[in-house]
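Listed below are the residues making up each chain.
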Amino acid sequence: MSIPQSGGGPIESRAQLAEYLNAGCKPKEDWRIGTEHEKFGYCKDTLKPLPYDGARSIRAMLEGLRDRFGWAPVLEGGKIIGLEKDGANVSLEPGGQLELSGAPLVSIHETCDEVNVHLREVQSVAEEIGVGFIGLGAAPIWSHAQMPVMPKGRYKLMTDYMDRVGTMGKTMMYRTCTVQVNLDFSSEADMVQKLRVALALQPVATALFANSPFLDGKPNGHKSWRSRVWRDLDADRTGMLPFVFDEGFGFEAWVEYALDVPMYFVYRDGVYIDALGQSFRDFLDGKLPALPGEIPTLSDWADHLTTIFPEARIKKFIEMRGADGGPWRRLCALPAFWVGLTYDQGALDAAWDLVKDWDAETRDALRVAASVDGLQAEVGGIKMHDLAREVVAISEAGLAARAKPGAGGMIPDETHFLNALKDSLETGRVPADDLLAEYHGAWGGDLSRIYGAYSY
């Protein structure tokens, strides 16, 4: 999750809220790709999750990365809770999931290089202290009670709030992982088209990257349990956002939506101040109970935008949020999938033509079906496997049209990063299908074998 923002000065006019979003507009030549991925760490001898402290721990991992690879520490309350280097950062999810938030990069070639360097660094430190990491969308065996709690004020507030607004919020926080990509837009109109395509096709990403068929040591009936979790988290800040498809949608409409999302906190002088359930509208009027008489800064607005969790969201960029965390090979496929669909106008138009006649009920039904059945999902005559085949073809055409070379020009474009998805389309199997086949076959129901077979 996001680190707290800073700067920006006090908000003196409501217009500044939309202007903040509009400031993200960039000419196409300045568009970048920012990839984020999370992974579970565990002790190799016990197969239990990493605690924060100790010889085999999250703290030891962060300190090892700091000392051996030149990352600068990020502290909260005197404890190391993250790292920064060259525009990227390593951060912690509530249950100790280790996240790389990559630097803004020009191509998938650069993104994949960044991911590979990070995973090699993590492996190097982990092997020395007897730790492993595994890429899955949900913790397959660990109970909620077994999960550690990271020393971050934001997470304490969120944990206390989750049971008031849904049934699965703490499961999301402590026992799920995702891979995401952040992408740019050139104008308000470009943002609108991209966000609509992102929301409508997020179920395709959910299906292709489905990788969480286990929870509490057994199959859970879903290919993507992580996606299922998000449906019962907090209706005020999650979902498929049908208003995005309304005529006239733009930055102002997003501001109105965000202002109606209840707050979590205000960050001041290194401390997260409890504003749970309070209104940013009241904050604008100087009437926030948590800080009476004080008006927000633009950094408060930026922080608030990070507490909104729909399937795709905007800040100063668009964030694609529908995919499970997964194996090494798929960490590069996710940004390639979305860059191909959105960074070439012909591909973006083709993707929009594919989804523009769907209604909100169809989009929601696809989201549910994708989480349950993956590529075998079917909604109102729409077969997910056929839809995914068409969408990946559009993405491949978009990547080919971008023609971003790699390996010093030896690789002409970025299309090969879709190979993992094309394999799934050919076989009809996504990672969850392979996991279930192993569980019911070679593993004989012994889920502990997942660590040896699927760790990085």
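Residues numbered from 1 in each chain as written. Predicted model: local features only at pLDDT ≥ 70, side-chain atom pairs only at ≥ 80, totals over all residues. Heavy atoms only, no water.

K.L.:
Help me understand the pairing of strand β2 (residues 72-76) in this model?
P.N.:
Where a strand is regular, its side chains alternate between the two sheet faces. Taken together, the five bridges between β2 and strand β3 (residues 79-85) define a ladder with antiparallel strand orientation. Among the inter-strand pairings, Glu 76 is bridged to a residue of β3, identified as Lys 79. Linking two consecutive strands that pair antiparallel, namely β2 and β3, is a turn of two residues; a positive phi of about 60° is found at Gly 77 within it. (Pairing = 2+ DSSP bridges. Helix = DSSP H or I, 4+ residues; strand = E, 2+ residues; numbered from the N terminus.)

K.L.:
Quick question: what am I supposed to make of the state of the cysteines here?
P.N.:
By definition, a disulfide links the sulfur atoms of two cysteines through a covalent bond. Summed over the entire model, instances satisfying the criterion amount to one disulfide. Each sulfur in the disulfide pair Cys 112 and Cys 332 lies 2.0 Å from the other. With the S-S bond torsion at 90°, the cross-link from Cys 112 to Cys 332 turns out right-handed. Taken together, the residues Cys 112 in helix α3 (residues 108-129) and Cys 332 in helix α11 (residues 330-342) connect sequence positions 220 residues apart. Taking relative accessible area as the criterion, Cys 112 reaches 10% and is therefore assigned buried. You can call Cys 332 buried: its relative accessible area is 3%. Cys 177 supplies the cysteine sulfur nearest to Cys 43, a cysteine that is in no disulfide, at a spacing of 16 Å. Residue classification places Cys 43 among the buried residues on the basis of a relative accessible area of 6%. (Disulfide = S-S within 2.5 Å. Buried < 20%, exposed > 50% of the residue type's maximum accessible area, 1.4 Å probe, protein only.)

K.L.:
Sorry, what's going on with the packing of helix α6 (residues 188-208) against helix α14 (residues 384-402) here?
P.N.:
Each pair of packed helices gets described by two things: the angle between the helix axes and the distance between those axes. Packing of α6 against α14 leaves a shortest axis separation of 10 Å and a crossing angle of 105°. By the angle between their directions, the pair α6 and α14 is classed as roughly perpendicular. Two secondary-structure elements touch here, α6 through Leu 201, Pro 203, Val 204, Ala 207 and Leu 208 and α14 through Met 384, Leu 387, Ala 388, Val 391 and Val 392. Counted by class, the contact of α6 with α14 contains ten nonpolar, no polar and no charged residues. (Axes fitted to C-alpha atoms, helices over the stretch in contact; angles between N-to-C directions. Parallel < 35°, antiparallel > 145°, perpendicular 65-115°, else oblique. Contact = heavy atoms within 4.5 Å. Nonpolar A, V, L, I, M, F, W, Y, C, P; charged D, E, K, R; others polar.)

K.L.:
Which parts of the structure should I look at to understand the layout of surface pockets?
P.N.:
Gaps left between atoms are located by rolling a probe of water-molecule size over the structure's atoms. Approximately 210 Å³ is the volume found for the second largest pocket. As for the second largest pocket, its lining consists of Pro 327, Arg 329, Arg 330, Ala 420, Asp 423, Ser 424, Thr 427, Arg 429, Val 430, Pro 431, Asp 434 and Tyr 454. Where the lining of the second largest pocket is concerned, the elements lending two or more residues are α15 (419-427) and α16 (431-440). For the lining of the second largest pocket, the class distribution of residues is five nonpolar, two polar and five charged. (1 Å grid on protein atoms, 1.4 Å probe; cavity = no way out; pocket = protein on both sides within 12 Å on 5 of 7 lines; lining within 4 Å. Points joined across faces, edges and corners; volume = space filled by probe spheres on them.)

K.L.:
Before we go on, may I ask you to explain the environment of Met 168 in this structure?
P.N.:
One can find Met 168 in the loop between α4 (153-165) and α5 (169-175). Overall, the relative accessible area of 14% leaves Met 168 in the buried class. Spatially, the C-alpha atom of Met 168 lies 8.3 Å from that of Arg 231, the residues being 63 residues apart in sequence. In this view, Met 168 contacts Trp 225, Arg 228, Val 229 and Asp 232; residues no more than four positions away in its chain are not counted.

K.L.:
Any chance you could explain the packing of aromatic side chains here in plain terms?
P.N.:
In this description, a pair of aromatic rings is defined by centroid distance and the angle of the planes. By the definition in use, this model includes 20 aromatic pairs. Plain terms: the ring middles of Phe 40 and Trp 142 are 5.7 Å apart, the flat faces sit at 85° to each other, and that makes the pair edge-to-face. Here Trp 142 lies in the loop between β6 (131-134) and α4 and Phe 40 lies in strand β1 (residues 33-43), a separation of 102 residues in the sequence. Relative accessible area serves as the criterion here: at 2%, Trp 142 is assigned to the buried category. Chaining the aromatic ring pairs together yields one cluster made of Phe 40, Tyr 42, Trp 142 and Tyr 451. Note that Arg 237 overlies the ring of Tyr 264, its terminal NZ or CZ placed 4.1 Å from the centroid. Sitting over the ring of Phe 209, Arg 330 keeps its end group 5.8 Å from the ring centre. (Phe/Tyr/Trp six-rings, centres within 6.5 Å; stacked < 30°, edge-to-face > 60°. Lys NZ or Arg CZ within 6 Å of the ring centre and 35° of its normal.)

K.L.:
Whenever I open this one, the pattern of salt bridges confuses me. Can you help?
P.N.:
If charged atoms from side chains of opposite charge come close, those side chains can pair. Applying the stated criterion across every chain, the model contains 30 salt bridges. One salt bridge in this structure joins Lys 156 and Asp 160, with 3.3 Å as the shortest N-O distance. Placement of both Lys 156 and Asp 160 in helix α4 is noted, with a separation of four residues, approximately one turn of the helix. You can call Lys 156 exposed: its relative accessible area is 57%. With a shortest N-O distance of 2.7 Å, Arg 268 and Asp 300 are connected by a salt bridge. Residue Arg 268 is located in strand β10 (residues 265-268), and its partner Asp 300 is located in helix α10 (residues 298-305); the two are separated by 32 residues in the primary sequence. (Salt bridge = Lys/Arg side-chain N within 4 Å of Asp/Glu carboxyl O.)

K.L.:
Would you mind showing me how to read the packing of α14 against α15 here?
P.N.:
For the pair α14 and α15, interaxial distance at closest approach is 10 Å and the crossing angle is 150°. Here α15 runs roughly antiparallel to α14, going by the angle between their axes. Of the two elements, α14 crosses α15, and the hand of that crossing is left-handed. Along its contact with α14, which presents His 385, Ala 388, Arg 389, Val 392 and Glu 396, the element α15 presents Lys 422, Ser 424 and Leu 425. In terms of residue class, the contact of α14 with α15 is built from three nonpolar, two polar and three charged. (Left-handed = near helix turned anticlockwise from the far one by under 90°.)

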